[in-house]
Amino acid sequence: MELITTATSTDVARLDSTVAVLPVGSFEQHGDHLPLITDTAIACLIAERIATTYQLMLLPPITFSCSHEHETFPGTVSISASTLTVMIDDIRTSLARRAITTLVIVNGHGGNYVLSNIAAEANVSGRNVALYPGRVDWEAARTQAAMVSDIHDDMHGGELETSILLHARPELVRDSYRDADHLATDRRHFLLTGMAEYTPTGIIGLPSAATAAKGEAALASLTDSFASYLEATKR
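Residues numbered from 1 in each chain as written. Predicted model: local features only at pLDDT ≥ 70, side-chain atom pairs only at ≥ 80, totals over all residues. Heavy atoms only, no water.

## Considerations on the layout of surface pockets
Heads up, the rule is: With a 1 Å grid spanning the protein atoms alone, the term cavity applies to any set of points in which a 1.4 Å probe fits but cannot get out, the term pocket to an open set with protein on both sides within 12 Å along at least five of seven lines, and the term lining residue to any residue with an atom within 4 Å of a point. Grid points are joined across faces, edges and corners, and a volume is the space filled by probe spheres set on the points. Under the scheme used here, helices are H or I runs from DSSP no shorter than 4 residues and strands are E runs no shorter than 2 residues, and both carry numbers assigned from the N terminus. Note that Gly is not counted as nonpolar here; it falls among the polar residues with everything else outside the nonpolar set of Ala, Val, Leu, Ile, Met, Phe, Trp, Tyr, Cys and Pro and the charged set of Asp, Glu, Lys and Arg.
Volume-wise, the largest pocket comes out at about 870 Å³. Lining the largest pocket are 31 residues, and of these His-109, Gly-110, Gly-111, Ile-151 and Met-155 sit closest to its centre. Secondary-structure elements contributing two or more residues to the lining of the largest pocket are α2 (38-54), α5 (135-144) and α6 (159-168). Partitioned by chemical class, the residues of the lining of the largest pocket number 10 nonpolar, 13 polar and eight charged. Approximately 360 Å³ is the volume attributed to the second largest pocket. Along the wall of the second largest pocket there are 21 residues; nearest its centre are Thr-5, Ala-7, Ala-51, Thr-52 and Leu-58. Elements supplying a minimum of two residues to the lining of the second largest pocket: α1 (9-15), α2 and β2 (57-58). Split into classes, the residues belonging to the lining of the second largest pocket amount to 14 nonpolar, four polar and three charged.

Following this line, the structure appears as structure tokens:
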């Protein structure tokens, strides 16, 4: 699986699609066992699967986003929510000039809260922006993959993210995932304190429970779940 599209202009012309898929990730710490590009890689993997399955235009990823809660950890780089908003607005405007009227944002980073506002505002005038996956889609993927952790406890660098990369890009996962478990169930002051208040390693979740088979099942579920979003954009 590729992490960035290598399509040519003629490839895109043959698709004749009015829907484009934009992966949005981050460049932030994921402990010792996963790379800084984890969220971007996962967004790209999901985006590539749905673009191929449903014959949609695939865009290259936005690799920096809103990771301010991680900035006490080395390597993390953030941009402001306003910058991310402007970038997506500019991309939509450019696509619209080619009659590509619907943008699917595949979000790989839970801290990109502003994407919900972008989608809601864009959809006042029509079905213009789909934000995917939603919480229900992630939960369905966990269920289909028979994961032992839930979406709350497995927050960052845990069973889900590690499983997806073990399946699709195993060379990105270090063996230290087997001993990286860390739980922090009560995170009520997360937006005040950031990640470092709740984890010394940057991990909150159960990466030791990850397997490639779980990652394969999760990606399959996410590919199937997208069908309802595509249908909703046409109503």
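Past the structure itself, the notes keep going.
## Considering the packing of aromatic side chains
Stated precisely, the cut-off is as follows: Aromatic pairs are defined between Phe, Tyr and Trp rings, using the six-membered ring for Trp, whenever the two ring centres lie within 6.5 Å; interplanar angles under 30 degrees are classed as stacked, those over 60 as edge-to-face, and all others as tilted. The classification of residues rests on relative accessible area computed with a 1.4 Å probe and restricted to protein chains. Under 20% of the type maximum is buried, over 50% is exposed, and intermediate values are partly exposed.
Under the criterion given, the structure shown has five aromatic pairs. Ring centres 6.3 Å apart and planes at 5° place the aromatic pair Phe-226 and Tyr-229 in the stacked group. Residue Phe-226 and its partner Tyr-229 are located together in helix α8 (residues 212-233), separated by three residues, close to a single helical turn. Assessed through its relative accessible area of 1%, Phe-226 is described here as buried. By relative accessible area, which is 23% here, Tyr-229 ends up partly exposed. Here a set of aromatic residues connected by ring pairs shows up, and it is made of Tyr-54, Tyr-132, Phe-226 and Tyr-229.

## A short note on the sheet that holds strand β3 (residues 102-107)
For clarity, the cut-off: Two strands make a pair as long as DSSP finds a minimum of two bridges between them.
The sheet built from four strands is open, its strands ordered β2-β1-β3-β4 with parallel pairing. Taken across any chain shown, the strands that pair with only one partner, and hence form the sheet edges, are β2 and β4 (129-132). In the sheet, strand β1 (residues 19-24) pairs with β3 via six bridges, with the strands oriented parallel. If you follow Val-24 over to β3, its bridge partner there is Asn-107.

## Some details on the nonpolar core
Using the following cut-off: Among buried residues, the Ala, Val, Leu, Ile, Met, Phe, Trp, Tyr and Cys ones that are joined through side-chain atoms within 4.5 Å form a nonpolar core. Pairs of residues are marked as contacts when any of their non-hydrogen atoms sit within 4.5 Å.
Counting 33 residues, the largest nonpolar core has Val-21, Ile-46, Val-104, Val-106 and Ile-164 as its most contacted members. For this core, the secondary-structure elements that each account for two or more residues are β1, α2, β3, β4, α5, α6 and α8. Here this core gets eight residues from one element, more than from any other, and that element is α2. If we ignore the near neighbours within four places in the chain, the residues touching Ile-164 are Ile-42, Leu-45, Trp-138, Arg-169, Gly-215, Ala-218 and Leu-219. Val-24, Leu-103, Ile-118 and Ala-119 belong to the second-largest nonpolar core, a separate cluster that totals 20 residues.

## Focus: the packing of α6 against α8
Going by this rule: Here the axes come from fitting lines to C-alpha atoms, over the contacting stretch only for helices, and the angles between their N-to-C directions go from 0 to 180 degrees. Reported orientations rely on four angle classes, namely roughly parallel under 35 degrees, roughly antiparallel over 145, roughly perpendicular from 65 to 115, and oblique for the rest.
Contact pair α6 / α8: the axes reach a minimum separation of 7 Å and the direction vectors enclose 95°. With respect to their mutual orientation, α6 and α8 come out roughly perpendicular. Here Glu-159, Leu-160, Ser-163, Ile-164, Leu-166, His-167 and Ala-168 of α6 come into contact with α8, specifically with Ala-212, Lys-214, Gly-215, Glu-216, Ala-218 and Leu-219. A class-by-class count of the residues in the contact of α6 with α8 yields seven nonpolar, three polar and three charged.

## Details of unusual backbone geometry
Residue Tyr-132 is joined to Pro-133 through a cis peptide bond whose omega torsion reads -5°. With respect to the helices, strands and loops of the structure, Pro-133 is situated in the loop between β4 and α5. The backbone of Ala-99 shows a phi angle near 65°, a positive value even though the residue is not glycine. Its place among the elements puts Ala-99 in the loop between α3 (81-96) and β3. Despite not being glycine, Ala-146 has its phi angle at roughly 55°, a positive value. Looking at where Ala-146 falls in the secondary structure, it is placed in the loop between α5 and α6.

Purely spatial values, then, with no claim about function.
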